[in-house]
Each structure stands twice: as C-alpha cells, then as structure tokens.
Amino acid sequence: MDISPVVGHRIHPYFITSHLPFSITKCSQSLPANSVTIKNNNNNTKSKYIPKTKDYNSISHQSRQSAMLDIQQSKDLQLALSRSGGVLKVQDLNIVMREFGKQNRLKDLSQLFEWMQQNVNLNFASYSSYMKLMGKSLHPNKALEIYNGIEDKLVKVHPSVCNSVLGCLIKSGKFENSFDMFRRMKQDGLVPDVVTYSTLLSGCAKVQDGYTKATELVQELKNNELKMDSVIYGTLISVCASCKRCKEAENYFNQMKSEGHVPNDFHYSSLLNAYSVDGNYEKAEEIYKEMKLAGLVPNKVVMTTLLKVYVRGRLFEKARELLTELEVLGYAEEEMPYCLLMDALSKAGTIDEAKLVFSEMKIKNVKTDGYAYSIMISAFIRNGLLEDANELASEFEAKYEKYDVVILNTMLCAYCRTGEIENVMKLMKKMDELSINPDRNTFHILIKYFVKEKLYMLAFKTLQDMHSRSQQLDEELCSTLMFQLGKTGAHAEAYTVYNMLRYSKKPMCKDLHEKVLYILIAGRLYKDAYVVFKDNARLISRPAMKRFSSSFMRFGNINLINDVMKAIHTSGYKIGEGLFSMAVTRYIDQPEKKDLLLQLLEWMTGQGYIVDPSTRNLILKNADLLGRQQTAEILSKQHVMSKLKSIKST
DNA sequence: GTAGGGTTAG
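Residues numbered from 1 in each chain as written. Chains lettered and ligands numbered in written order. Predicted model: local features only at pLDDT ≥ 70, side-chain atom pairs only at ≥ 80, totals over all residues. Heavy atoms only, no water.

(A) Structural view of the overall build of chain A. A tally of helices and strands in chain A yields 37 helices and zero strands. Computed over its C-alpha atoms, the radius of gyration of chain A comes to 35 Å, more than 25% above the 26 Å expected for a compact globule of 650 residues. When the backbone C-alpha atoms are referred to their principal axes, chain A occupies close to 110 × 70 × 60 Å. Scored against the burial criterion, the 650 residues of chain A give a buried share of 47%. Taking contacts inside chain A between residues at least 6 apart in sequence as the whole, the part at least 24 apart equals 65%. A total of about 33300 Å² of accessible surface is found on chain A, and carbon and sulfur atoms cover 52% of it. (Helix = DSSP H or I, 4+ residues; strand = E, 2+ residues; numbered from the N terminus. Rg over C-alpha atoms; globule rule 2.2 N^0.38 Å. Buried < 20%, exposed > 50% of the residue type's maximum accessible area, 1.4 Å probe, protein only. Contact = heavy atoms within 4.5 Å. Areas by Shrake-Rupley, 256 points an atom, 1.4 Å probe, with all protein chains shown as cover.)

(B) Quick look at the protein's contact with DNA strand B. For DNA strand B, the set of nearby residues contains 49 residues, the closest of which are Q91, F124, D193, S269 and K308. In DNA strand B, atoms within 4 Å of the protein come from the sugar-phosphate backbone in 42% of cases. Contact distances for DNA strand B include 2.8 Å between a base nitrogen and a side-chain N or O atom of D229. Residues belonging to the surface near DNA strand B are distributed by class as follows: 16 nonpolar, 23 polar and ten charged. (Near = heavy atom within 4 Å. Polar contact = N/O pair within 3.5 Å; in protein donor to acceptor, adjacent residues only side chain to side chain. Nonpolar A, V, L, I, M, F, W, Y, C, P; charged D, E, K, R; others polar.)

(C) Quick look at the pattern of salt bridges. Under the criterion given, the structure shown has 27 salt bridges. A salt bridge links E290 to K257, with the shortest nitrogen-to-oxygen separation between them at 3.0 Å. With E290 in helix 16 (residues 281-293) and K257 in helix 14 (residues 246-258), this residue pair connects regions lying 33 residues apart in the sequence. One salt bridge in this structure joins D465 and R469, with 3.1 Å as the shortest N-O distance. In this structure D465 comes out as buried when scored by relative accessible area, which is 2%. Relative accessible area serves as the criterion here: at 22%, R469 is assigned to the partly exposed category. Through salt bridges with shared partners, one network takes in K247, E250 and K283. (Salt bridge = Lys/Arg side-chain N within 4 Å of Asp/Glu carboxyl O.)

(D) How the structure looks around the packing of helix 4 (residues 90-102) against helix 5 (residues 106-119). Orientation of helix 4 relative to helix 5, taken along the N-to-C sense of each, is 165°, at an axis distance of 9 Å. Classified by the angle their axes make, helix 4 and helix 5 are roughly antiparallel. Read as a crossing pair, helix 4 and helix 5 show a hand that is left-handed. Here V90, L93, N94, V96, M97 and F100 of helix 4 lie close against helix 5, whose contacting residues are D108, L109, L112, F113, W115 and M116. Considering only residue class, the contact of helix 4 with helix 5 consists of ten nonpolar, one polar and one charged. (Axes fitted to C-alpha atoms, helices over the stretch in contact; angles between N-to-C directions. Parallel < 35°, antiparallel > 145°, perpendicular 65-115°, else oblique. Left-handed = near helix turned anticlockwise from the far one by under 90°.)

(E) Geometry of the side chain of E335. Relative to the helices and strands, E335 resides in the loop between helix 18 (316-328) and helix 19 (336-347). At 7.9 Å, K402 is the nearest oppositely charged side chain to E335, a buried residue that forms no salt bridge. Only 2.7 Å separates the side chain of E335 from the side chain of T368, close enough to count as a polar contact. (Lys, Arg positive; Asp, Glu negative; His and termini not counted.)

(F) Spotlight on the UniProt feature "repeat: PPR" (unreviewed entry) in chain A. Taking the numbering used here, the UniProt-annotated feature "repeat: PPR" (unreviewed entry) corresponds to residues 158-192, 193-228, 229-263, 264-298, 334-368 and 404-438. Between the C-alpha atoms that bound residues 229-263 the distance is 11 Å, and the span itself is 74% helix and 0% strand. Its end C-alpha atoms 10 Å apart, residues 264-298 is made of 71% helix and 0% strand. (UniProt positions renumbered as here; feature names shortened; annotations may be inferred.)

(G) Spotlight on the packing of helix 21 (residues 371-382) against helix 22 (residues 386-399). Helix 22 packs onto helix 21 with a crossing angle of 160° between their chain directions and a minimal axis gap of 7 Å. Here helix 21 lies roughly antiparallel to helix 22, going by the angle between them. Every pair of crossing elements has a handedness; the one defined by helix 21 and helix 22 is left-handed. Contacts between helix 21 and helix 22 involve Y373, M376, I377, F380 and I381 from the first element and L386, D388, A389, L392, A393, E395, F396 and K399 from the second. Each residue belonging to the contact of helix 21 with helix 22 can be placed in one class, and the counts come to ten nonpolar, no polar and three charged.

(H) Examining the environment of K174 more closely. By the element assignment, K174 lies in the loop between helix 9 (159-171) and helix 10 (175-188). With a relative accessible area of 34%, K174 lands in the partly exposed category. Each C-alpha atom of the pair K174 and G203 lies 8.6 Å from the other, and the pair is 29 residues apart in sequence.

(I) Region of the structure containing the confidence of the model for chain A. With 91% of its residues at a pLDDT of 70 or more, chain A has an overall mean of 87. The low-confidence segment residues 1-56 (pLDDT under 50) makes 104 contacts with residues lying over four places distant or belonging to another chain. (pLDDT = per-residue confidence, 0-100.)

Have a look at this one:
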C-alpha cells in the first residue's frame, strides 16, 4: 500500500510549517491601542443614570431616537457612530446593542461595543448584554479580557456582569475556569444570586461527576439563604438527566411541585430526558400525559425528547409514529429527530434501516448541520464499512461548507482508517483555515494514524502539539509511540513522551519506567536512565537494574558512578561483586577521579560490602595511585569485616 | 429606565 506523501521518502510540505501540524490559532485580539475609557466623576453605577449636565439633559428624546435609528440603519457603522454616537446615553447604546443581537448582527455588535468602550462610560448592562448577545461567538479569552479591563469595582462584581462572564466560560466548555473565576469573584466582593448558581449549575451537565458538583452548589445556595426558583429546578433536573440520575431528577421535579412551582416545557423535557437514560417509556408516557392534562401543549423539544425515550427503549415503531407526528406539526424540519432515530438504529445493529432514514431525510430536504453525516459516518466506521464512511465524508465535503470539530473528527477518522492521506491533509488545512481548534479526539485520531503508518516523528510532533495545548494524553497510545520511537532510534523523543506522561495528572502504568529505561540505555542516554532508575527503582526488575547498572559503569558519566551505586543499594538491591569491580576498573582508568574511588570504597565498606579478591588485587596494584596509607586503611577494614562475616557464617 | 440562568443530536 502506498500512502506515501509522508511515508518512505519526504514529509509532505504541509507538515513542514512553523508549528506542526496545526498552526497556533490566534484567539485573543488585543484591544485597540487608544481604548481609554472616557470617565465621568461618578464611580457609583447608579449615578450614571442621572444626567450630568444641563446640556446633556437637554438633548431631546427625539434627537436621541433618530441617532439610534441612524446607527442601526447606516451602511457604514463607524461613520454613523462618529456622526450620531455622541448624543447617545449609555442606555441608548445598550438598546442598539440588543437590537443588533436580535438581528444576529454580531459583527456590528462587536464594533459598537468597541466604540462604546472607547467613548462611553459603560455600565453593567452594557457588559452583561454584550457577553450574552455574543453567545458562543465570544471567545472566552476575549470575554475575560473585557472583564479584566473593567475598572469600576462595583461594575466588576455586579452579579449580572459576573454571571455573563461565567456563562461565557461555561458555554465554551471551560467549566474548571469558570469555577476558579467564581471563587475569585467572590473574593472580590461578588454576592452570588440564583442566576449565578443556575449558570454554574448548567455547566455541571457537561462534566463528569457534574452531579456531585451540582449538589455542592445547591448546598452553597442554601447556605446563602437563597431560594430555589423554577429555573434553578429546571437546570437541576437537566443536570440529573445528563448525569444519568433519573431518580434524583424525579425527586427535584416533585420537590419543585410541592414548593408550588408549576412545571413548564423545560421541566418536562428535562425529566423526559432523564427517563430516556434507560428508555423508561412507561414513566415517560405517564409524565407526557400529565403534561397535557395540565393544559400544556408539548413543543418540539418535548416531543423530540419523548422520541429519544422511545429509541433508547428500542421502541422503533413508536418512534416512527412519533416522527410522523413531528413531521405533520412541522417539527421535523431540522435533523434532530432523524439523528436520534438513525443513531439508535445503527447502534442496535440495523445499519440498513439507519441508511434508509438517512436517505429519507435527504429526500425531504431536511436541513443538516453535519450531525446526520457524522452519525452515519461513525456508524459505517463502527461496522467496518470504511469505504462507505469515506464516500459519505467526501459527499459532505463536496456539499457543505459548515464544519465543526466533531464532524471534522469523524471525517478525519474515516479518511485515516482508509489511509487517504491526501484527504487527511486537506481536512487539516481546512481546520486551520477555519480556525477550528483540534480537540483531544482530533489529536488522538491523528497520532493513531501516524503510528499506524509508521510516521513516528510526525506522531511525536503531533503529540507535542497536543501536550502544549494541555490536552490530556492517552497513555496506551503514548506508550506505543514511546516504544516505537525507541525502536527506531529516536531515544530522546521517546524519553520526552515518557516525561509528558509522567508529569500529566494521571498516575501512569508501572511498566513504563522500565520500558523507557531500556530505551535510554539503548540510546546511551545514561544520565536520563539514572534519573528514571533513581525515581522508580522499586518498580524496576532485577534484569533491568542489572542492564542499567552495568551499562552505566562502563559508559555513564564517571562522576555519577557513586550515586548510581547508592541508588541501587537504597532501592533494596545488593551491589554485586562484578559491578563493584567494573566501577573500580573504570576509576583506575581515570586516575584523576581517585577521590571518588576512595569515597566509594569507604562507603561500600561502611555498608558492609566486601571486595572480591581480584578487585582487591587490582586496588593493591594501584596503591601508589590511590595513596598507600588510605588504601591500606580501607583494605584492613575490609579484612576485618570479611573475617567477621566468615565467623558469623560458620 | 437596567441584567444574567434551564429542554433534544454527532
């Protein structure tokens, strides 16, 4: 098989870019250089609503209205701002921001916000609205930059500002960061409210062990004497559902009702989602009925979630009926329900049925964002239908220009499995162009592929890239790569891989130390080998220890010989006569190191080691070199010791 | 005259 733009001869030019294999995506733009906020003298947020001068007050309502319209309707926003922005108060500009948000004019929104940063004293509403309206489009670093740039301390700890920053972090998956941030905000004086807690709780739905964290947050909320409201309950039920805590979801649902809150669509769909975990359609149907009896009309999400319950319970007939119902109601214009059905069908082993749904969906012109494709591609890969997977990936590429990291990963996986390197590289370039950040999965797929193709150095560079982005490494893959690097002579790289694993948070497999020790010996990297041995001596087997120590005595740094001896002794192994003799020979070859030899002899004697006759002779022969008197002293101690030992043993 | 939070898919 020839897969070889990279294999065999040269690495494809694409890989010889500055930083392999992805270029570093620039994510934080800096603020304009002149972004100095114009200040008034009021530091109090409240006072900003009070007009400050007669002139300011006299600007008529009407002229402000027309200025706002001008800004909203102008083709050149910058121009309109310099023309009309001056007469507007911060709350007027906030209104315009919200208008832009409503119209999804995100670019204008950002431009307006930047202008406001430079020209107006922003209030808390400006910050929180901006971050909310930008939603997922606001890079978390940018949000933090904005937040850190807030000088007014009261604005900075305003709950709505804090909440929107936290929300932004959570939306972009930075749950841990949001938690740290929350701690710091509290230190700075934030008094969290229910919204803060529900914001943080919503992050719990996305992390492992989220339920435990959620429980802690609920406790904190209660300690702060805050009351759970309907939204908090909604969030909690959804957290339970995501964490597969069906019973707990039910409990919160009932608790909420008993406190007099009336459940709405959110509560019902989250509870249904909890029932979907084990496909408990009986309970689901019960609650669905209850909802209708309460006078609520199930919306798209509720019905789709019920469909999820059916497919999880493998009630495909019921699911199909419900899908038809959704279609009739116009609730199946997006791919979600089809995705649920296809995914479940393919996982139930009926991939042909899934294919049928997929083609049905295409005939009906259902909109797709790539979910359906990635489900089918993964299904093909799972079933070993690599050609089909590959074909579908190409089809998606040809038809759509919408990518995210998941669909890209799925496609990468398909191409990697069939060994289509040209396509793999095309996708990687695309990822770079679209500034889509590779995630742990991306790296994993690539490294695995490079290893399979024996492109170990490329795999290594990719691993380094992954590590530099603080992605958690996969130990098994690293271990394979380390071994292969060692085998192909890249000893230092193998050691780098070992160290990446060693200093990552997870405890590593015990064999790895010994494996890397052999690699380091083979690569004559004795000093590194010594470090590995010393730090893990108790996990190193006798044969490995012997190989290490004898290599070190012959070729390792002479200045470390005594340390190696001590390390062997400390780890519980006995220093053998052979090893000792090797060390002595090595020292005698380098007379300038005689002090070290004397130290060694002294120490060995102190530990009760006895010199074998031939080494003893060797020392005697070189007594001039070592200093007669010292040699005599040591050897006599040795003599006494050996006598004692022989007495003991008889 | 202000603000932030919860539901379904890969």
